[in-house]
Structure formats: structure tokens, C-alpha cells
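Secondary and tertiary structure notes
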Amino acid sequence: MRCLFMCVGVLLASVAITEARPKAAGNQKCKSGPVDLVFIIDGSRSVRPHEFETMRKFMIDIIHELDIGRDITRVGVVQYSSQVQNVFSLKDFTTHQQMVKAINEIIPLAQGTMTGLAIRYAMNVAFSTAEGARPNVPHVAVIVTDGRPQDRVAEVAAAARESGIEIYAVGVARADMTSLRAMASPPFEDHVFLVESFDLIHQFGLQFQDKLCKIDLCVESDHGCDHICESSPGSYQCLCLPGYTLNEDGKTCTAIDLCAEGKHDCEQICISSPGSFTCDCNTGYTLNEDKKTCTMIDYCSFGNDSCEHECVSVLNGFNCRCKEGYALNDDKRTCTMIDYCSFGNDSCEHECVSVLQSFYCRCNEGYNLNEDETTCTMIDYCSFGNDSCEHECVSILNGFNCRCKEGYKLNDDKKTCTMIDYCSFGNDSCEHECVSVLNGFYCRCNEGYTLNEDERTCTMINYCSFGNDSCEHECVSVLKGFNCRCNEGYTLNEDKKTCTMIDYCSFGNDSCEHECVSVLKGFNCRCNEGYTLNEDKRTCTMIDYCSFGNDSCEHECVSVLKGFNCRCNEGYTLNEDKRTCTMIDYCSFGNDSCEHTCVSVLNGFYCRCNGGYTLNDDKKTCTMIDYCSFGNHSCDHECVSVLNGFYCRCNKDYTLQEDGKTCQADNLCNVVEHGCEHQCVSTPGSYYCICPEGHLLQDDGKSCGSCRSANIDLVLLIDGSKSVRPQNFELVKQFVNQVVDQLDVSGHGTRVGLVQYSSRVRTEFPLSMYKSKEEIKAAVLKVEYMEKGTMTGLALKHMVENSFSEAEGARAASRNIPRIGLVFTDGRSQDDITEWAKKAKDAGITMYAVGVGKAVEDELRLIASEPVEKHFFYSADFSAISQIAENLKLNICAEESQGEIEVKDPCACDSLVEFQQATMTTLNQLNQKHILYSSMSHQPKYYSQFQQNKVT
């Protein structure tokens with residue numbers, strides 16, 4: 001912060017010089033470093049003229065003490081009240097004379113106290129590059145105010161500080177210390193100042209003189225300080241480094257030995273240092289976290305990997321210890337389990353096994369330990385159940401074997417047994433078959449054979465030797481019997497005994513085309529009568545009588561057995577002369593299958609339909625052609641097909657027109673969605689809408705209203721400031737809803753938007769949001785009271801830039817829909833309204849200003865459109881509101897009121913009249929509910945003028 005103070009010193013140092021130090025010779029300027037300084041001065045109405053002059057002089061005095069220049073110190077001045085005025089920017093002036101002249105020309109704004117607004121302006125504009133602020137140069141703001149801010153300052157001041165601006169808050173008289181601290185940079189004791197009056201503001205120069213001029217007695221004089229010299233305005237003092245004490249001479253320092261003085265609580269060793277001490281421990285001990293007591297070093301905690309079992313710390317070292325049942329080895333680190341078997345294991349038959357603190361006996365594999373726990377017996381695996389052995393189980397070490405009975409052998413599964421097959425050893429001695437038996441084998445002959453005496457070989461039985469008398473030709477012995485056989489050229493009959501000569505033709509006479517004639521050991525072919533045998537001696541050819549000459553046949557000659565016939569081509573029939581041909585008439589057989597006409601053709605016939613008909617898919621029946629199916633778009637309603645054409649027909653309650661195609665409703669109102677709000681009137685080929693008496697048809701040609709041009713875009717700006725109070729704000733919402741009740745609200749008619757304002761502006765709903773009165777009224781009732789300041793100028797700006805934009809629902813200016821803005825307020829605006837009130841009217845918005853309670857006449861007049869007297873209204877108790885509507889009508893429809901035109905149309909005046917009348921009726925009704933509680937004595941002068949006009 002010392003560095004920051006050096007920059008700040010450039011700001012607030014006064015020209016006053018204390019008596020502790022003489023002034024610099026020759027009125028020389030202080031050498032201030034580069035800094036961008038902006039004064040933010042309060043120009044509200046509470047600052048009296050002579051106080052403002054004091055503040056003006058305060059700024060001039062500080063500027064005179066600064067090195068002003070483009071590359072040194074730049075100065076800007078901002079005045080604020082309800083608005084912000086840039087007096088001059090950091091970039092504007094480079095000389096004292098220019099700045100003093102501009103400061104002397106400042107005119108107080110004399111409005112509210114919007115300090116937050118001023119800080120935001122300084123952050124966003126005054127300290128911007130465009131306005132002359134430099135990067136990497138300290139940015140310092142000095143705020144001078146005499147009152148409580150009327151807007152929030154904490155958030156915007158925090159943002160300004162975050163952006164790098166150092167803020168000094170100087171409060172005078174009525175200034176609020178809490179607000180000053182919320183604005184200023186920390187530490188507050190260096191950045192917040194509060195004095196009783198503007199006359200005392202010069203005291204700040206005294207407090208910052210050293211910072212301004214950078215005069216340091218520690219540098220410019222022989223101070224004689226042993227360690228540190230600390231400057232103060234007009235003086236200095238000597239200080240010692242930490243751990244030292246200042247001697248009585250006020251300059252030299254002596255080290256403080258706390259150990260020698262016994263001002264320590266070290267458990268073992270105290271080590272002194274200047275003004276302090278540290279504790280230490282004896283060898284083998286370590287200092288605890290309290291930096292005072294000691295604990296013996298646990299060498300085991302460094303890692304007892306070298307001890308196999310357990311590490312035991314001792315002073316300056318450690319020992320290893322083994323668990324019970326183990327002995328420490330010679331290396332003093334590892335452990336070995338005690339071998340109790342080594343003491344003598346004679347009692348174990350097989351093996352002794354040492355365990356922790358004891359031993360036990362163990363048998364070799366395949367043995368079980370006996371009950372005496374020392375001797376062993378081989379395990380009898382067969383005793384577990386030898387069901388798996390087919391014959392016999394034999395126990396062996398670590399298992400068992402299966403054994404077969406005599407005459408059997410063990411199979412590959414080592415469990416089952418198979419009788420030995422002696423024949424498999426070689427049965428060459430048996431001619432036919434070897435048959436194994438238990439412990440041997442014998443020979444057996446196949447069926448039809450008999451075993452010879454050698455009991456090895458076999459001979460087939462000769463059945464013919466028993467007598468073959470039954471065979472006509474020859475007997476042949478075969479296995480198990482005999483067969484009869486015939487001589488060559490004969491075949492054995494079915495009795496298997498007798499023989500018949502072979503009929504070679506019976507094997508298949510395919511080779512003979514006609515007839516086969518059997519002979520011994522063969523056959524011959526023979527042709528039927530009328531055929532001749534061909535050279536292949538097998539096939540036959542019919543004698544072709546046509547080849548002899550068929551000139552007598554008209555179409556075709558067909559040879560037949562023993563002669564020929566004439567044959568006609570397909571589709572023809574042979575005439576009675578058996579020679580000539582005539583085409584067949586298939587229709588003559590009966591054309592009942594053809595609905596209309598039968599047409600004969602070669603090899604058949606086809607059906608043909610009469611004119612105006614088409615043949616169906618069955619190729620027999622006919623259907624009249626449907627000319628409507630070719631496209632009946634030319635008929636308005638219905639197409640009716642007739643023979644060779646069609647005609648159009650209309651639905652019920654319609655009449656066919658002269659073109660024979662289009663249909664016209666007898667009453668269009670009954671058949672179309674006419675959309676008439678009141679009544680639809682049919683005319684030949686058309687219709688139109690009418691409205692009840694006293695109402696006129698609107699521009700859409702369908703809806704009815706009290707005035708054809710009663711379509712407006714209305715935005716209401718309602719004051720939600722703290723002075724309105726919650727109960728009155730509810731009555732304001734009722735006022736808005738009663739105004740809405742009098743309007744023709746719809747998407748094509750009147751549109752309504754609502755904006756509430758206080759210290760900020762909030763769109764409650766835009767023009768485009770709601771399309772009915774019910775939706776608008778429900779939304780109004782949900783509006784929450786803001787309860788803050790009165791920024792009417794900010795609200796007007798929002799209305800012009802946002803509320804009447806097409807994006808929020810305002811209709812295009814080319815449509816000439818009136819745009820109306822109504823401002824409802826109860827007090828003086830805390831910002832300037834002049835600029836945006838003018839811009840609203842320049843934008844074509846008709847402005848009405850309704851003031852109640854403490855509303856200011858001048859502001860209402862600035863807001864209202866011309867003529868002003870007819871567009872702004874005030875009422876303390878709403879007692880005179882009922883006359884306002886008539887005055888508005890006379891003002892807007894000047895020609896009508898002067899009798900210059902004849903009034904026939906009740907809507908001859910602009911739609912504004914209807915809006916004004918609805919609004920004033922609502923105000924009159926609310927008068928009875930006492931929205932504001934104010935006496936007639938507080939009514940402004942223009943209210944009495946209004947009463948006089950009323951009487952007149």
C-alpha cells in the first residue's frame with residue numbers, strides 16, 4: 001500500500017504546508033509521478049452555492065500543486081446529480097490555466113444524488129482510452145459528496161475498484177459514512193474522510209502533503225538511526241529491526257537475548273537470536289511440533305527392514321527381537337524357527353516335522369499315521385470299495401490294481417475283464433470258422449458244408465447225388481441244395497424243373513417296329529399290312545399314297561393306311577367334296593358371350609362394343625365410358641357421366657352457373673367461414689359483414705368497434721418508486737386494468753405494453769405478448785412493486801429504444817397505427833428527462849403525463865406532447881379528473897370543436913380520443929378510492945388554472 005499511497009498523494013495533497021518543515025524555495029511545484037486523476041463532484045441541490053464555490057477552490061488548489069502534462073499528470077472533472085456531466089476529460093487539457101478556466105465555468109446541476117451512476121460513468125467512460133486514460137498508469141478517483149446516494153453504490157464501486165481504479169471518498173456534513181466506506185478503496189483509514197463542512201475540506205491537503213511532494217526527512221537529513229528511519233509529516237523517528245530494542249539515545253539498537261533472561265520454555269536447549277530464540281534437543285532426541293519439548297528419536301521409525309521380526313528402539317540406536325518360538329541369528333537381524341526335531345526324533349517311524357514351539361510325526365506318501373501318532377500303516381485303497389474292478393482288487397502303495405480270473409485278460413480300462421480269444425492267436429488250422437471256448441477253441445463249417453474227419457477242413461454237400469429225376473435237362477448241386485439247368489436255347493420254367501425254348505421276342509420287341517417272330521436262338525421282324533420293312537430289318541414305313549400326287553387337296557394331303565385324306569389348315573373346315581376348305585365362322589356357334597357384337601377372325605373371334613362404350617377386362621361385356629374419370633376438375637361440385645359425354649351438377653343449396661361448370665351458393669353466409677363478428681349478409685356470388693347500430697366495421701372487414709381507427713400501440717410507464725407505497729401501487733395496477741377494460745384489445749386492434757421503473761427499468765410485458773384484455777389484466781396483477789428511486793428519464797429512454805420497437809410488437813410506422821406513451825408518476829425524477837422526452841415526441845409517440853401527489857409541473861410539461869395543456873394532468877385527490885376527457889377531445893378534434901366541419905361520424909376524431917376518454921374515466925373512478933392522501937393545499941398552481949378553465 002505504500003506504493004499506492006505515493007500515487008494517491010498526487011491527488012489530495014493541499015497547498016497548505018505544516019510548520020514542521022519550511023516551504024520549498026521559490027514556490028517550486030511538487031514532483032508528482034504519472035497519474036490519471038478524475039474528480040467526481042456532487043452537484044445536487046443540497047450543495048449550497050457558497051459550498052460549491054469552496055469545492056471549486058479545493059480542486060483548483062490541488063491542480064496548482066501538480067505537474068500537469070500529457071506524459072505526467074492528467075486531470076478530468078465529472079459533475080453528477082440525477083444525471084452525469086462530463087466537465088472535461090483526461091485528454092482535453094494540458095495546462096493549469098485551461099483546467100482552472102473550465103472549473104470556474106461549472107454550473108451546479110442542482111438535482112438528485114445518483115452517486116452510483118457517476119461511478120459507473122467514471123469506470124466506463126472517464127477512465128476509458130477514448131477519453132485519455134493511459135494503460136499502466138495509476139487511475140485515481142476522488143469523490144466529494146455531501147449526502148446519501150439515491151442509488152446503489154456498493155456493486156458498481158466494487159466493479160470500479162476491480163477494474164484498477166483507486167477511489168477516495170470525501171464526505172462533507174450530511175454524508176453517510178457507510179456509503180463512503182462502500183465506495184472507497186481499502187484501507188478505509190487512508191481513503192475515507194468525513195468533515196463537518198466544506199470550509200474544512202482543505203485539511204486533506206495537510207494529511208497528504210508528504211505524499212504529494214515526496215519530501216522525506218529520512219532522506220534529506222542526517223537522522224543517525226542505527227537501523228530504520230521512518231518519516232512523518234515534518235518529522236521522523238528511529239526504529240529497530242525485529243529482535244532489537246531502541247536504546248535511550250533514540251537512535252542505536254541492542255539485540256534482545258531472551259535465553260539469557262530466562263524468557264523461554266525450552267525443555268533441553270535454548271538458542272538465542274536478536275529478540276527471539278529457538279529450542280533444540282540433546283543428541284538422540286528430536287524437537288516436537290510445539291518447537292519446545294523433545295522426544296527420543298525412534299530409529300525404528302526410519303525403516304526396520306533390517307529386522308525380520310521386531311525393531312526395539314534404544315537411545316541412539318535400535319535392537320532386533322524375534323517372535324516367540326524363533327531364535328535371533330548371528331547377524332542380529334534375521335530369525336530362524338527353533339527345530340524341535342533336532343533334539344531327537346526316534347519316536348517317529350517315518351518323518352519328524354518341526355512347527356512353532358513343537359513338532360509332529362508325518363508318514364510317507366501312501367501311509368496313514370496310526371493312533372499312537374508315531375508309527376505308520378500302508379493305506380488299503382481296496383477297502384474304500386473295489387466295485388470298479390470286475391473280478392479282483394489288489395492293494396499297492398499309493399493305490400490299487402485290478403486282476404482277472406484264469407482264462408480272462410484285463411481290458412485297457414484296467415477295471416473290466418474279457419475271456420481270452422484263443423482263435424485270435426491264429427486260426428489257420430480251421431478252414432471255415434474258429435470258435436473260442438474257455439481255455440481253448442474248436443472248428444466249425446459254414447452252413448451247407450460238413451466237417452471232415454480231420455476236424456479242420458469242410459466239404460460242400462452234393463444234393464444231386466440224392467437223385468435228380470425231377471430235372472428235365474440237367475441237375476446242378478449248389479450250397480444247401482441243387483438247381484435244374486436247361487440246354488442252350490431253352491429257359492427254365494416256373495416249376496424250376498421243366499424247360500421251354502426261349503422266346504427272344506419277349507425280351508422286348510423295341511427293335512421291331514411292328515411284329516417280332518421268334519426262332520431258335522433268335523428272332524425276325526415283320527411289318528403290318530400297308531407297311532414295308534426298311535433296310536435295317538427292324539423298322540417299318542407306311543406306304544405314302546400322297547407321294548403318288550395330291551393335287552386334288554386344296555390345303556394339305558395326309559397319307560393314311562392304305563390311302564390318303566385331305567386336311568385344311570387351322571381355322572378352316574373341309575367342305576363336303578373332301579377336297580376344298582372354308583374358314584370357320586366361330587360367331588355362328590352362338591355369340592351369347594359377347595354383350596354387343598361378335599367379330600369372327602382366323603381361329604377364333606373377338607367382342608366389340610358399341611360407340612360410347614369400352615370393352616371390360618373379361619373381353620366380353622361392355623361398360624359405358626366414364627368421361628368424368630378423365631378429370632372432373634372443371635366441375636365445381638359433381639361430374640355426372642352420360643353416353644358419349646358428361647354434365648356438371650351442384651350440391652344442394654347451390655345453383656349451376658351459365659358456364660355449366662361452376663356452382664354458386666344460394667346463401668354464401670351459410671357455407672363459408674365468413675368471420676363476421678356481428679352479422680353476415682349474402683349477395684350474388686359474395687357476402688359482406690355488418691355491425692349493430694352505433695358500431696362501425698373495422699379495417700379487417702369483419703370485427704366491430706366503437707371507432708374504425710381505434711387501433712393504437714399503447715405503452716404505460718408506471719412509477720414504482722419507494723414514495724408510491726405498496727397500497728397505492730396496488731391501486732395503480734387497478735387503474736391500469738380499468739384503462740385496459742375500455743380498449744379494443746386484440747392482435748389486429750389495440751396492443752398494450754407495461755413498463756415499471758424506479759432506480760432501474762423493467763419491462764413487465766411488451767406490446768407483442770398478450771392478445772386479449774383478460775391476459776393483460778392477469779399479467780398486471782402479478783407485477784411486483786420495485787420500491788426504489790425515480791429514474792423517469794431512464795424509463796423514457798427504455799420506452800423509445802425498446803418498447804416501441806418492432807421486435808417488442810410495435811407495428812411498422814408505415815401502417816400509421818398511433819403510438820401512445822403514458823407516464824404515471826408521483827414525484828420529481830432523480831435524473832434528467834429533457835433529452836428522452838424530446839426524442840420520444842420526435843419519434844412520433846404521443847406522450848401523456850399523469851402526475852399525482854408530489855409530481856413536478858415542469859417535468860410533466862417536458863414529457864407531454866403539444867399542446868402541453870391538453871396532454872399533462874395532475875390531481876392530488878382526483879376530484880377534477882371527470883372533466884379531463886372532454887378537454888382532450890376538444891384539443892385533438894380542433895376542427896370539430898370550432899364548428900368548421902359537420903360531425904356525422906362518431907369516430908371522426910383520431911383513436912386517441914377513445915383512449916383519453918377511457919383513461920380519464922378510470923382516473924375518475926379511482927378518485928373515490930383515494931390513491932394518494934394529499935390535501936388540496938398542496939395542489940400546484942396549474943391545478944387552479946385547470947379549475948378556472950373548467951368554470952369557464
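The present account deals with the structure reproduced in this document. All of these numbers come straight from a predicted model, not from anything done at the bench.

1. Describing the packing of aromatic side chains
Throughout the structure, instances matching the rule amount to seven aromatic pairs. Each ring, one from Tyr627 and one from Phe630, has its centre 5.6 Å from the other, and the planes form 85°; the classification is edge-to-face. With a relative accessible area of 23%, Tyr627 lands in the partly exposed category. Relative accessible area serves as the criterion here: at 61%, Phe630 is assigned to the exposed category. Between Phe765 and Tyr770, the ring centres sit 5.2 Å apart and the planes meet at 70°, which makes this aromatic pair edge-to-face. Comparing Phe765 with Tyr770, the two get one shared label, buried. Positioned over the ring face of Trp836 is Lys839, at 4.1 Å from the centre of the ring.

2. Structural notes on the state of the cysteines
With the rule as written, the count across this model stands at 34 disulfides. Note that Cys404 is cross-linked by a disulfide to Cys417, the S-S spacing being 1.9 Å. Where Cys404 bonds to Cys417 through sulfur, the torsion about that S-S bond is close to -90°, and the disulfide is left-handed. Pair noted here: Cys404 is in the loop between strand S24 (399-403) and strand S25 (408-410) and Cys417 is in strand S26 (residues 417-419), with a separation of 13 residues, a long-range link. Note on Cys417: relative accessible area 9%, which makes it buried.

3. Topic: a negative patch on the surface
On the surface, Glu349, Glu371, Asp372 and Glu373 cluster together into a patch of negative charge. Assignment of secondary structure puts Glu373 in the loop between strand S21 (367-369) and strand S22 (376-378). What makes Glu373 exposed here is its relative accessible area of 55%.

4. Observations regarding the environment of Tyr654
Tracing the sequence through the fold places Tyr654 in strand S49 (residues 654-656). Its relative accessible area of 24% is what places Tyr654 among the partly exposed residues. In sequence terms Tyr654 and Val671 are 17 residues apart; their C-alpha atoms lie 10.0 Å from each other. In this view, Tyr654 contacts His637, Cys663, Gln664, Ala665, Asp666 and Val671; residues no more than four positions away in its chain are not counted.

What counts, and where the lines are drawn
- Residues numbered from 1 in each chain as written.
- Predicted model: local features only at pLDDT ≥ 70, side-chain atom pairs only at ≥ 80, totals over all residues.
- Heavy atoms only, no water.
- Phe/Tyr/Trp six-rings, centres within 6.5 Å; stacked < 30°, edge-to-face > 60°.
- Buried < 20%, exposed > 50% of the residue type's maximum accessible area, 1.4 Å probe, protein only.
- Lys NZ or Arg CZ within 6 Å of the ring centre and 35° of its normal.
- Disulfide = S-S within 2.5 Å.
- Helix = DSSP H or I, 4+ residues; strand = E, 2+ residues; numbered from the N terminus.
- Patch = residues over 30% accessible without salt bridge, like charges linked within 9 Å, V, L, I, M, F, W, Y side chains within 5 Å.
- Areas by Shrake-Rupley, 256 points an atom, 1.4 Å probe, with all protein chains shown as cover.
- Salt bridge = Lys/Arg side-chain N within 4 Å of Asp/Glu carboxyl O.
- Lys, Arg positive; Asp, Glu negative; His and termini not counted.
- Charge placed at Lys NZ, Arg CZ, Asp CG, Glu CD.
- Contact = heavy atoms within 4.5 Å.

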